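Spelled out, the chains give:
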Amino acid sequence: MSSLAATERQGWVGRVLLVLGPVLLALVITSGILVLAGANPQATLLKLLAGSFGTAVKRADVAVVWVSLVICTAGLLVSFTAGQWNIGMEGQIVMGAIVATWVGRQFVDISGVLERGAPLLVIAAMVAGGICGGVVWATAAGALKVLGKVHEIFAGLGLNFVASAASIYLIFGTWKQKSGGTLSGTVLLDEQLWLPTLQGLRASPYSLGLAVVVVAAVYFALRGTLWGLQLKAVGRNLRAARTLGVATHRVLFSAYAVCGACAGLAGAVLVVGVHHRLIPGISSGHGFMGILIALLSGFQALYIAPIALFFAALSIGSIALQLDLKLDSSLAGVVQGVMVLCVLLVQGVRQWRSGGSGT
Amino acid sequence: MSEVVLIATLASILADSAPIIFAALGETLNERAGVVNLSVEGTMMLSAMIGFAAAFVLDGYGPMLFMGTDLAPYITVAAGFAAAMLAGALIALVVAFGSITLRRDQVAVGFIMTLLAIDLSSFAGVNFVRKPGPSVGHLPIPALADIPVVGPILFSQDAVTYLSFLLIIGMAVFFARTQPGLRLRGIGERPQAAFARGTNVVLMRYLYTALGGALIGFGGAAFSLHVKLGWSHRHTAGFGWVALAIVIFGGWDPLKVALGAYFFGALRAAATTLQALLPAVPVQVFPLLPFPLMILTLVIFNSDGLVRALSLLPLGPRRFLFGLLRSNPPAALGTHFRQE
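None of these values were measured; they are calculated from a predicted model.

Chemist: Before we move on, can you summarise the overall build of chain B with the specific residues and values?
Modeler: When helices and strands are tallied, chain B shows 14 helices and zero strands. For chain B, the succession of helices and strands along the chain, N to C, is α-α-α-α-α-α-α-α-α-α-α-α-α-α. By the compact-globule yardstick of 20 Å for 340 residues, chain B fits well, its C-alpha radius of gyration being 21 Å. Reported as C-alpha extents along the three principal axes, the dimensions of chain B are approximately 60 × 50 × 45 Å. Relative to its 340 residues, chain B shows a buried fraction of 52%. Across chain B, contacts joining residues at least 24 apart in sequence account for 77% of those joining residues at least 6 apart. Put simply, chain B shows about 14800 Å² of open surface, and 70% of that area lies on carbon and sulfur atoms.

Written as structure tokens, this is what we have:
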């Protein structure tokens, strides 16, 4: 986690090299994989770009994914600062989506038509409910870690499994569509409960605004507040922080709760702003991708937005790849993974060569 | 449950648990050496794909290469396992290089490799989805298979299941009774002391991480060539995470790890049985249940709450249960070794 400190010691030339080197390396490796798969690397990568930024519709789709990734990563920055691997974020997103859907369903009839309540208030209640769902799920992982001394990776994984089983139970059981709809998922909620979007596009200015607010809030909270300082103290050295009088349990719980709130918010936005219902695997791996983005950013809130944009563009661009070049869209994940691995390893090589001591 | 059904269920639990046995014991090996290879989920997934793909491709060339000898099916399947082990070892070496030589966070490197390998398996495996291909053949052991009850459970399996039995025994003996096994435990517990006694800690950690990775890869191929035949998108989803949890559940002890794997197998069999009893619950839920249950079991066994509950018992059973349930991780697990 101190890769950051090493970055700060170098001048801007070193920093540019540190960014460009791994990117080039990742490009070479990805091209190699593409050649092995019998594809033309240049054509594929150009297609990837065109598929993500070519039209207004696609740019808006990139924005939709970007919102989700930015909110998740902002939350993860809080838990990482406290030294916690909140791998349970996926389940927290799902829980947020479940609770948001549940709240919405209280106000609609069997075919999803709004029966009572002002639409805006219902949307607000859905979002608030989603946040609560995420907080509860994350706090459960935190309790297992802090009170039960179970490693947070396993606590989070277990809760991920429970959340996804719960969502499947609801989709195929309790909330099953009566008409047996063509798409798997619960009944589509009334259009009045959809977050207003830009004309003819899927992106909503409200969710974009939310994402910016969340990342700014995390940036300032980590930088300029006592809480941010306490998180850092706990993350660097738990025992020392406790000796110095930091209420470590409370700080750790707050880290989980805030991270869960972000996950729940992301889940709720996926319901009110994107899918308008609960679908299987609604988190689409955004929680895991958030961890990659957090690692890539060196745990700096400032870098989240551009890196998340790159990740979102890859995700959307890869869909076109599947349609046009018959290449599987999982290429996006391959490129992302190779990129983060290269950055991490190149940082390591630099420290190793300069004889510095890593973490 | 009638006797016949019970025997068939027990036999299938032993067979279906084999992939997890290989993966969990592979991870036990590198964790006892002090290295956490968090990439098990991804390694199993990618090696399941590569194992099946290699056997599938070779099977296509089979008639040409082996002139239709009787050995052809064995060679193709064995080649699949070899390819999978190679893939597993390569991923493990990346984790080893990143964490041992470059001193990056082991969890971070392992996590990245997990996601990378999962997506790579989907990307590269797209041409092998739902294709019928070669698999490990049934191989009852003559004479032994005819013993009543025990025979059909233990000795009417395939080669992969027999190998899983041998690996459990072999690794238990290796840790407890051999010189290299003792040295391995040394580098996981007190690497500085092991170094002072002349053990090349870095080299040994590389070696055992690669070996562990190869076993995890074998587990992946055991999936696609032995249990859930063939390849489909995210074919082994969840099993790698469970294998990782079982290592902790089993307290890094090969026998207890195997017990954990069989316990998970029993949970899966129970979920199938439960499905018939609870028609109101959607069928899609049942295959998912064993995963949270397994992790929940780990959480209970691993938590402080259990210690408190045990302390209520009288001394005799408390000691016994404590010895059975509690265990400490290798002291140097996940830490970086510095030569001094």
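Chemist: Before we move on, could you go through the overall build of chain A and cite the residues and values that matter?
Modeler: Looking only at helices and strands, chain A has 14 helices and zero strands in total. Along chain A, helices (α) and strands (β) appear in the sequence α-α-α-α-α-α-α-α-α-α-α-α-α-α when read from the amino end. For 359 residues, the compact-globule formula gives about 21 Å, and the C-alpha radius of gyration of chain A, at 21 Å, lands near that figure. Referenced to the eigenvectors of the C-alpha coordinate spread, the extents of chain A come out at roughly 65 × 60 × 30 Å. Within chain A, the fraction of its 359 residues that count as buried is 54%. Considering only residue pairs separated by 6 or more positions, chain A has 76% of its internal contacts joining residues 24 or more positions apart. For chain A, the exposed surface amounts to about 15400 Å²; the carbon and sulfur share of it is 67%. Each charge class in chain A was averaged separately, 22 positive and 10 negative side chains, and the resulting centres sit 14 Å apart.

Chemist: How would you summarise the pattern of salt bridges if you had to cite specific residues and measurements?
Modeler: All names here are of chain A. By the definition in use, this model includes five salt bridges over all chains. Note that glutamate 152 is salt-bridged to lysine 145, the shortest N-O span being 2.6 Å. A residue is classified by how much of its surface remains accessible, and glutamate 152, at 4% relative accessible area, is buried.

Chemist: So what's going on with the side chain of Asp190(A)? Residues and values would help.
Modeler: Residue and element names in this part refer to chain A. Among the secondary structure elements, aspartate 190 is positioned in the loop between α7 (152-174) and α8 (205-224). Arginine 116 provides the closest opposite charge to the buried, salt-bridge-free aspartate 190, at an N-O distance of 12 Å. One polar contact links the side chain of aspartate 190 to the main-chain amide nitrogen of glutamine 192, over a distance of 3.0 Å. Not counting the four nearest positions on each side in its chain, aspartate 190 is found in contact with Gly112, Val113 and Leu114.

Chemist: Tell me about unusual backbone geometry, and please be specific about residues and values.
Modeler: Both trends apply: most residues other than glycine have a negative phi, and most peptide bonds are in trans. Residue Lys326(A) is not a glycine yet carries a positive backbone phi of 60 degrees. With respect to the secondary-structure elements, Lys326(A) resides in the loop between α13 (301-325) and α14 (331-353). A positive phi is found at Trp252(B), a non-glycine position, where the angle reads about 60 degrees. Relative to the helices and strands, Trp252(B) resides in the loop between α10 (239-249) and α11 (254-277).

Chemist: Please give an account of the packing of aromatic side chains that cites residues and values.
Modeler: This model, assessed by the stated rule, comprises 19 aromatic pairs over all chains. Between Phe174(B) and Phe175(B), the aromatic rings sit 5.8 Å apart at their centres with planes inclined by 50 degrees, giving tilted as the arrangement. With a relative accessible area of 21%, Phe174(B) lands in the partly exposed category. For Phe175(B), a relative accessible area of 3% translates into the label buried. Taken together, the ring pairs in this structure connect Phe80(A), Trp85(A), Phe288(A), Phe299(A) and Phe111(B) into an aromatic cluster. The side chain of Arg32(B) reaches across the aromatic face of Phe175(B), ending 4.7 Å from its centre.

Chemist: Can you lay out a positive patch on the surface for me, pointing to particular residues and giving the numbers?
Modeler: A cluster of basic residues, Lys149(A), Arg239(A), Arg242(A) and Arg308(B), forms a positive patch at the surface. Considering the arrangement of structural elements, one finds Arg242(A) in helix α10 (residues 238-243). Residue Arg242(A) is classed as partly exposed on the basis of its relative accessible area, which comes to 45%.

Chemist: A description of the interface of chain A and chain B should follow, citing residues and the corresponding values.
Modeler: Counting from both sides, the interface comprises 47 residues of chain A and, opposite them, 41 residues of chain B. Carbon and sulfur atoms make up 81% of the area that chain A and chain B hide from each other, which totals about 3900 Å². Inspection of the chain A/chain B interface yields zero salt bridges. Counting the contacts that link chain A with chain B gives three residue pairs in polar contact (both at pLDDT 80 or more). The set of elements that each furnish at least two residues to the side of chain A that touches chain B consists of α2 (12-36), α7, α12 (286-296) and α14 of chain A.

Chemist: Can you tell me about the side chain of Glu27(B), naming the residues and giving the values?
Modeler: The residue Glu27(B) is located in helix α1 (residues 3-32) in this model. Looking at Glu27(B), its side chain comes within polar contact range of the main-chain nitrogen of Asn37(B), at 3.1 Å.

Chemist: Provide a residue-level description of the confidence of the model for chain A, including the pertinent values.
Modeler: This prediction gives chain A a mean pLDDT of 89; 94% of its residues lie at or above 70. Segment residues 1-7 of chain A is flagged for pLDDT under 50; beyond a separation of four residues in sequence, or across chains, it makes twelve contacts in the model.

Chemist: Could you give an account of α13(A), with specific residues and numbers?
Modeler: End to end, α13(A) covers 36 Å across 25 residues, agreeing with the expected 36 Å (1.5 Å per residue, within 8%). Backbone geometry just after α13(A) places Lys326(A) at a positive phi near 60 degrees.

Chemist: Please give an account of the state of the cysteines that cites residues and values.
Modeler: Residue and element names in this part refer to chain A. For the structure on display, the rule yields zero disulfides over all chains. For cysteine 262, which is in no disulfide, the shortest distance to another cysteine sulfur is to cysteine 259 and amounts to 6.5 Å. Of the residues examined, cysteine 262 reaches a relative accessible area of 7% and is grouped as buried.

Chemist: Before we move on, can you summarise a nonpolar patch on the surface with the specific residues and values?
Modeler: All names here are of chain A. Taken together, the side chains of Trp12, Val13, Val16, Leu17 and Leu20 define a hydrophobic patch exposed on the protein surface, amounting to about 540 Å² of accessible area. Inspection of the secondary structure puts valine 16 in helix α2. Valine 16 gets classed as partly exposed once you look at its relative accessible area, which sits at 38%.

Chemist: Could you give an account of α11(B), with specific residues and numbers?
Modeler: Residues lying three or four places apart along an α-helix face the same way, a consequence of the helix completing one turn every 3.6 residues. All names here are of chain B. Counted at 1.5 Å a residue, the expected span for α11 with its 24 residues is 34 Å, and the 35 Å between its end C-alpha atoms agrees. Turning to α11, its buried residues are Pro254, Lys256, Val257, Ala258, Gly260, Ala261, Tyr262, Phe264, Gly265, Leu267, Ala269 and Ala271. A side-chain oxygen of the first residue of α11 lies 3.0 Å from the backbone nitrogen of leucine 255; this N-cap is aspartate 253.

Chemist: Give a detailed account of the packing of helix α3 (residues 41-53) of chain A against helix α4 (residues 56-81) of chain A, specifying residues and quantitative values.
Modeler: A pair of packed helices is captured by two measures, namely the crossing angle of their axes and the spacing between those axes. Residues and elements named next belong to chain A. Axis separation between α3 and α4 bottoms out at 5 Å; the angle between their running directions is 85 degrees. Taken as axis vectors, α3 and α4 run roughly perpendicular relative to one another. Contacts from Ala50, Gly51, Ser52 and Phe53 of α3 reach α4 at Lys58, Arg59 and Val62.

Chemist: How would you sum up the environment of Leu255(B)? Please name residues and give values.
Modeler: All names here are of chain B. Residue placement: leucine 255 occurs in helix α11. With 87 residues separating them along the chain, leucine 255 and isoleucine 168 place their C-alpha atoms 6.5 Å apart. When neighbours within four sequence positions are excluded, leucine 255 is seen to be in contact with Ile168 and Ala172.

What counts as what
Throughout, a residue's number is its position along its own chain's written sequence, starting from 1. Chain labels run from A onward and ligand labels from 1 onward, assigned in the order the entries are written. Totals for whole chains, interfaces and linings use all residues, but because this is a predicted model, local features are given only for residues with pLDDT of at least 70 and pairs of side-chain atoms are given and counted only at 80 or more. To obtain the side-chain values, all non-hydrogen atoms of the structure were used and water was disregarded. Secondary structure elements are defined from DSSP: runs of H or I of at least 4 residues count as helices, runs of E of at least 2 residues count as strands, and each element is numbered from the N terminus. Radius of gyration: C-alpha atoms only; globule rule: 2.2 Å multiplied by the number of residues to the exponent 0.38. Throughout this description, buried means an accessible area under 20% of the type-specific maximum (1.4 Å probe, protein chains only), exposed means over 50%, and partly exposed covers the range between. Whether two residues are in contact is decided by their heavy atoms, any of which lying within 4.5 Å being enough. For the area figures, the Shrake-Rupley method with a 1.4 Å probe applies, and any residue is considered shielded solely by the protein chains shown. Just so you know, the count uses Lys and Arg for positive and Asp and Glu for negative, and it drops His and the chain ends. The location of each charge is read from NZ of Lys, CZ of Arg, CG of Asp or CD of Glu. The term salt bridge refers to a side-chain nitrogen of Lys or Arg lying within 4 Å of a carboxyl oxygen of Asp or Glu. Any N or O atom pair separated by 3.5 Å or less is treated as a polar contact, with the protein-specific requirement of one donor-capable and one acceptor-capable atom, and with residues adjacent in sequence counted only for side-chain atom pairs. Pairing of aromatic rings covers Phe, Tyr and Trp, the last through its six-membered ring, and needs centres within 6.5 Å; plane angles under 30 degrees mean stacked, over 60 mean edge-to-face, and all others mean tilted. In our convention, an over-ring charge means Lys NZ or Arg CZ found within 6 Å of a ring centre and within 35 degrees of that ring's normal. A patch consists of residues exposed above 30% relative accessible area that lack any salt bridge, with like charges linked at up to 9 Å and nonpolar side chains (Val, Leu, Ile, Met, Phe, Trp, Tyr) linked at up to 5 Å. Using a 1.4 Å probe, buried area is obtained as the accessible area two parts lose upon being combined, added over both of them. One confidence number per residue, pLDDT, is output by the predictor and ranges from 0 to 100. Helix span, expected: 1.5 Å multiplied by one less than the number of residues in the helix. Pairs of cysteine sulfur atoms within 2.5 Å are identified as disulfides in what follows. Orientation is described by lines fitted to C-alpha atoms, with helices fitted over the stretch in contact, and by angles between N-to-C directions that extend from 0 to 180 degrees. In these notes the angle categories are as follows: under 35 degrees is roughly parallel, over 145 is roughly antiparallel, 65 to 115 is roughly perpendicular, and the rest is oblique.

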